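Working through the structure, step by step
Given next are the chains, with one letter for each unit.
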Amino acid sequence: CFVMGMELVGPSKRTLAGILCWFFETTGLLCCVTLAYLIQSSWRVLQLVYTVPALIFLTYWWIAPESIRWLVARGRNTEARQLIKRACKRNKVEISEDLIKGMEQTIKLESYENDTQKTYTILDLFRYPKLRWKTLILWLCWVTCASLYYVLLLDQSELSEDKYVGFFLTSLVQLPGYFYVIFTLERPAFGRKNSMCMFLIMAGTALFTHPLIPHEYARTKFSVSLIGRFAANCSYTILNLFSAEQFPTVVRGVGMGMCVVVSRIGTMLAPYLLLLGQYAPCLFGISALLSGLTALLLPETLGEAMPETLLDGENLPLSLPCVARTKTDNRQPAAI
């Protein structure tokens, strides 16, 4: 759903579309803890209440449109045309046939040796050097952010002794982060990469220093804990948007899917690492700092068109924020 939501809107609305998804996620968490508080008598009834609404997603098979970008990239132009005309009719606008043909021609020119007609797999993520490094860096960030996100949901002892209040506060602190991201992510001074790296480093610093603060400074520990949760949530939110913009359209679904799969390593390790004792958060802090510094190598995607083919993705070079990016030629890179 996140990938389709990103591909169905233009660049000017991409950030808003990506962040709005997370408002619903936080709303779900708040509903989750509210229902858990109200239905304490039976966990079976509670599980049933959580599960039944998922049946609604079966209707998406008929309701949700396919991604036009994906259809064109796969050569299914007739279906893409039908969706475009349907969208034009619903929005009461007219679009010329020449514009549609120009879009199709652009995709064809960018493809290389009918590359878009093949079935893409995880192996294509490692087909070219730059895309390979981007994939590995994003995997590291996903493992880190997933572990941070879930460990902070699990460990709420610093916020409240009541597990319901602690979970509620952990979920509620996410909302200011979403508003902050919406109003800053489109500004060149912040951008996607710099914002994500800043929040990862901020979260890492908070997690590393939190266990070192004496218990006598309870308010300080509480404040540092909130800052860490705020920063971790912001970095995770930006990472979803940033990752989708890094992968070319033809492998975006595969790339995002593998990011989620790899992130589950962090999800599984998080509760066990907490068993290491008082200084366990320091490990998460070091991981966040390492991820934040490594992610500086990724290219900024603010204002850039989403890459369509593997060649487009390879032409987005690895960079540093202080180094100006140079344009690369349009020759097919050699696979290594």
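Residues numbered from 1 in each chain as written. Predicted model: local features only at pLDDT ≥ 70, side-chain atom pairs only at ≥ 80, totals over all residues. Heavy atoms only, no water.

What follows deals with the confidence of the model for the protein chain. Taken residue by residue, the protein chain gives an average pLDDT of 80. The fraction at 70 or more is 84%. Residue range residues 322–336 is modelled with pLDDT below 50. Its contacts to residues more than four positions away, or to other chains, number 26 contacts. (pLDDT = per-residue confidence, 0-100. Contact = heavy atoms within 4.5 Å.)

This part covers the side chain of Ser 263. Considering the arrangement of structural elements, one finds Ser 263 in helix α13 (residues 249–273). Ignoring any residue separated from it by four or fewer positions in sequence, one finds Ser 263 in contact with Trp 142, Val 143 and Ala 146. (Helix = DSSP H or I, 4+ residues; strand = E, 2+ residues; numbered from the N terminus.)

A full pass over the atoms with the stated rule returns three salt bridges. Between Glu 79 and Arg 76 there is a salt bridge, with the nearest N and O atoms lying 2.9 Å from each other. When its relative accessible area of 35% is taken as the criterion, Glu 79 is described as partly exposed. Where Arg 127 meets Asp 124, a salt bridge forms, and the shortest distance between an N and an O atom there is 3.9 Å. The class for Arg 127 is partly exposed, based on a relative accessible area of 28%. By relative accessible area, which is 6% here, Asp 124 ends up buried. (Salt bridge = Lys/Arg side-chain N within 4 Å of Asp/Glu carboxyl O. Buried < 20%, exposed > 50% of the residue type's maximum accessible area, 1.4 Å probe, protein only.)

On to helix α12 (residues 218–246). Residues three or four positions apart in an α-helix share a direction because the helix packs 3.6 residues into each turn. Its 29 residues give α12 an end-to-end C-alpha distance of 41 Å, which sits within 8% of 42 Å, the value for a rise of 1.5 Å per residue. Burial analysis of α12 places 21 of its 29 residues in the buried class, which makes it a mostly covered element. (Expected span 1.5 Å × (residues − 1).)

Positionally, Thr 237 belongs in helix α12. Given the relative accessible area of 1%, Thr 237 is considered buried. Side-chain polar atoms of Thr 237 contact the backbone oxygen of Asn 233, separated by 2.8 Å. When neighbours within four sequence positions are excluded, Thr 237 is seen to be in contact with Ile 19, Trp 22 and Tyr 178. (Polar contact = N/O pair within 3.5 Å; in protein donor to acceptor, adjacent residues only side chain to side chain.)

Attention now goes to the nonpolar core. Core analysis: the biggest nonpolar cluster contains 51 residues, and Met 196 and Leu 239 have the highest contact counts within it. Going through the elements one at a time, α2 (14–38), α8 (129–154), α10 (174–184), α11 (192–209), α12, α13 and α14 (280–294) are the ones with two or more residues in this core. Broken down by element, this core gets its largest block of residues, 12 residues, from α8. With sequence-adjacent residues up to four places away left out, Met 196 is seen in contact with Cys 141, Ser 235, Ile 238, Leu 239, Phe 242 and Ala 295. (Core = buried A, V, L, I, M, F, W, Y, C linked by side-chain atoms within 4.5 Å.)

Under the defined criterion, the tally for this structure stands at eight aromatic pairs. Taken together, a centroid distance of 5.5 Å and an interplanar angle of 70 degrees make the contact between Phe 126 and Trp 139 edge-to-face. Note that Phe 126 is positioned in the loop between α7 (97–110) and α8 and Trp 139 in helix α8, a separation of 13 residues in sequence. Taking relative accessible area as the criterion, Trp 139 reaches 15% and is therefore assigned buried. Aromatic side chains Trp 142 and Tyr 236 sit 5.8 Å apart centroid to centroid with 80 degrees between the ring planes, which places their arrangement in the edge-to-face category. Within this pair, whereas Trp 142 is found in helix α8, its partner Tyr 236 is found in helix α12, the two being separated by 94 residues in sequence. An aromatic cluster of three or more residues is present, and its members are Tyr 180, Phe 190, Phe 199 and Phe 230. (Phe/Tyr/Trp six-rings, centres within 6.5 Å; stacked < 30°, edge-to-face > 60°.)

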